[in-house]
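Read off the chains here:
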Amino acid sequence: MSVSKAAYHQLKAELDPKGVTIVAVSKTKPVEDILALYELGHRDFGENYVQELVDKASQLPKDIRWHFIGHLQSNKVKLITPSVQLIHGVDSLKLLQEINKQAAKAGRVQDCLLQVHIAREETKFGLDEEELNSILSQYDKLVAVRVCGLMGMASFTSDMDKVRSEFGKLRSIFDKLRTANSELSILSMGMSADHKIAIEEGSNMVRIGSLLFSER
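Residues numbered from 1 in each chain as written. Predicted model: local features only at pLDDT ≥ 70, side-chain atom pairs only at ≥ 80, totals over all residues. Heavy atoms only, no water.

**Q** Would you mind showing me how to read the side chain of His-88 here?
**A** Relative to the elements of secondary structure, His-88 occurs in strand S4 (residues 84-90). Of the polar contacts made by the side chain of His-88, one reaches the side chain of His-67; its length is 2.9 Å. Beyond its immediate sequence surroundings of up to four residues, His-88 is in contact with Val-23, His-67, Phe-68, Ile-69, Leu-113, Leu-114, Gln-115, Met-151, Ser-188, Met-205 and Arg-207. (Helix = DSSP H or I, 4+ residues; strand = E, 2+ residues; numbered from the N terminus. Polar contact = N/O pair within 3.5 Å; in protein donor to acceptor, adjacent residues only side chain to side chain. Contact = heavy atoms within 4.5 Å.)

**Q** Looking at this structure, I do not really get the nonpolar core. What am I missing?
**A** What tends to happen in soluble globular proteins is that the nonpolar side chains get buried as a cluster. Counting 59 residues, the largest nonpolar core has Leu-72, Leu-96, Ile-99, Leu-114, Leu-132, Leu-150 and Leu-212 as the members making the most contacts within it. Leave out the neighbours within four places in its chain, and Leu-114 touches His-88, Val-90, Leu-127, Leu-132, Ile-135, Leu-136, Val-147, Gly-149, Leu-150 and Met-151. With seven residues, the next largest nonpolar core counts Val-23, Leu-113, Cys-148 and Met-151 among its residues. (Core = buried A, V, L, I, M, F, W, Y, C linked by side-chain atoms within 4.5 Å. Buried < 20%, exposed > 50% of the residue type's maximum accessible area, 1.4 Å probe, protein only.)

**Q** For this particular structure, what's the right way to read the packing of helix H6 (residues 129-138) against helix H7 (residues 160-178)?
**A** Packed helix pairs are characterised by how far apart their axes lie and by the angle those axes make with each other. Put simply, H6 and H7 touch, their axes get as near as 12 Å, and they point 25° apart. Judged by the inter-axis angle, H6 sits roughly parallel to H7. Note on packing geometry: the crossing formed by H6 with H7 is right-handed. On H7, the residues that touch Glu-129, Leu-132, Asn-133 and Leu-136 of H6 are Ile-173, Lys-176 and Leu-177. Taken together, the residues of the contact of H6 with H7 sort by class into four nonpolar, one polar and two charged. (Axes fitted to C-alpha atoms, helices over the stretch in contact; angles between N-to-C directions. Parallel < 35°, antiparallel > 145°, perpendicular 65-115°, else oblique. Left-handed = near helix turned anticlockwise from the far one by under 90°. Nonpolar A, V, L, I, M, F, W, Y, C, P; charged D, E, K, R; others polar.)

**Q** Looking at this structure, how should I read the packing of aromatic side chains?
**A** The geometry of two aromatic rings is summed up by the distance between their centres and the angle between their planes. For the structure shown, the criterion picks out one aromatic pair. With centroids separated by 6.1 Å and ring planes inclined at 45°, the aromatic side chains of Phe-45 and Trp-66 adopt a geometry described as tilted. Here Phe-45 is found in strand S2 (residues 44-47), whereas its partner Trp-66 is found in strand S3 (residues 65-68), with 21 residues between them in sequence. The class for Phe-45 is buried, based on a relative accessible area of 0%. On the accessibility criterion, Trp-66 (3% relative accessible area) is buried. (Phe/Tyr/Trp six-rings, centres within 6.5 Å; stacked < 30°, edge-to-face > 60°.)

What follows is the structure in structure tokens.
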């Protein structure tokens, strides 16, 4: 087994009192490893690839809360709609509209996070503030999606001051928007390497992979 029980219990002890949700990043990990964490009581798992999420959801307990944390293409939304609890990386109105369409067909309301571009890297996806405000001003016409919050990824760097600055920027955007949008409750930022800084800057959902799943 390549799941670290000790790391999991330590994270839970640290983060539960702060109200921080741990999304265990289970991409490329076998079903046995997910079950090992499930048996410890964990229910939130994050997948980056559509087909992998679909395959695992069909094999694993139905009370798992699946998070789609990769870059989602519009033509693949219909594949994950039956299984996914929260879609993290919505970065366009077009994608949100397609999620709404597929969720309506399935007779459900799909929870989503809008992805904000905070890193100083061109390779990162996400919305700027103007695009974010535009989507939020139009999305009330979409009856089968619920925007629950924001997510963002900091630059891939060893400069933790830069990372903190980027997380702080997202927190300030989140706080500003939340005054007018009471449904916004989730601020998802931080991964294994930078989750402590993210939580200090206001994150209440972190995506943790390497700390929980060791390499085989």
